[in-house]
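Descriptive analysis of the structure
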Amino acid sequence: MSQEIIKKLNLKEHPEGGYFSETYRSTVSIPNKILGEDYIGDRTCSTCIYFMLTSKKFSAFHKINQDEIWHYYKGAPLKLHIISSDGDYSFVMIGNDFDKGEVPQYVVKGGDWFAAEVLEKDGYTLVGCTVSPGFDFADFVLPKREELIQLFPKHSKIISKLTHN
C-alpha cells in the first residue's frame, strides 16, 4: 500500500528520512526585514507537503525556524518526538484513535528539535506538514548524532535511535 501511495502522490525521498512532495507554496512573500535575524532572505507566507514515513524509514531529529503543523491522513499512528530548545523531551501520538490519546493535528514550535517514527510493524503513515513562514532548506538543520547528544546528553538514547549518523 505505501509504495502505491508513494507512486500516486509522486513522493520523493527526503533528506531527514521518509518521502515527500510539496503540494502548496504561497505566491505571497514576507520580506526578510520583517522576518528577523533567524532568517536569511525572504520567505513565502506558507508551504505544505505530503509526508510519508514507514516502519523502515523514520524522520531523523532536525529543526527549522518556523512552526510546523502536522496533519494526520492515513495509516498507522505516528510517534512524534520533540526536544524543546530548553532541553525538555516530550512526544505526541498523531493518529485518529482519540480513545488512545492520539491527535489528528499537532504543532511543533519553531526552533524545537523533532523526529518521527511509525511503531507498527510493516506500517506506514501519511501526513501533511504545513510550515509558516514557508519552508526553505536554508532554515533546515539536520545535525550529526554526536552534535545533538552534546547538546542534550540526557536524551542520548532517543537521539541515537532517531539520527542517521
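Figured I'd write up the structure that's included with this text. (Residues numbered from 1 in each chain as written. Predicted model: local features only at pLDDT ≥ 70, side-chain atom pairs only at ≥ 80, totals over all residues. Heavy atoms only, no water.)

Some details on the nonpolar core
- In this structure, F51, W70, L78, L80 and I94 are the most contacted members of the largest nonpolar core, which totals 17 residues.
- When contributions to this core are tallied by element, the ones reaching two or more residues are β5 (47-54), β7 (67-75), β8 (78-83), β9 (89-94), β11 (113-118) and β12 (124-132).
- Not counting residues within four places of it along the chain, the set of residues in contact with F51 comprises H14, E16, G17, G18, Y19, F20, S59, W70, T125, L126, V127 and C129.
- In this structure, A115, L148, I149 and I158 belong to the second largest nonpolar core, which totals ten residues. (Core = buried A, V, L, I, M, F, W, Y, C linked by side-chain atoms within 4.5 Å. Buried < 20%, exposed > 50% of the residue type's maximum accessible area, 1.4 Å probe, protein only. Helix = DSSP H or I, 4+ residues; strand = E, 2+ residues; numbered from the N terminus. Contact = heavy atoms within 4.5 Å.)

What about the pattern of salt bridges?
- Tallied over the entire structure, the rule returns seven salt bridges.
- With a closest N to O distance of 3.4 Å, E13 and K57 form a salt bridge. Here the residue E13 occupies a position in strand β1 (residues 12-13), and K57 occupies one in the loop between β5 and β6 (59-62), the gap between them amounting to 44 residues.
- Via salt bridges that share partners, R43, D136 and D139 belong to a single interconnected network. (Salt bridge = Lys/Arg side-chain N within 4 Å of Asp/Glu carboxyl O.)

Regarding the side chain of S21
- Looking at where S21 falls in the secondary structure, it is placed in strand β2 (residues 19-25).
- Overall, the relative accessible area of 16% leaves S21 in the buried class.
- Excluding residues that lie within four positions of it along the chain, S21 makes contacts with L9, N10, L11, C48, I49 and Y50.

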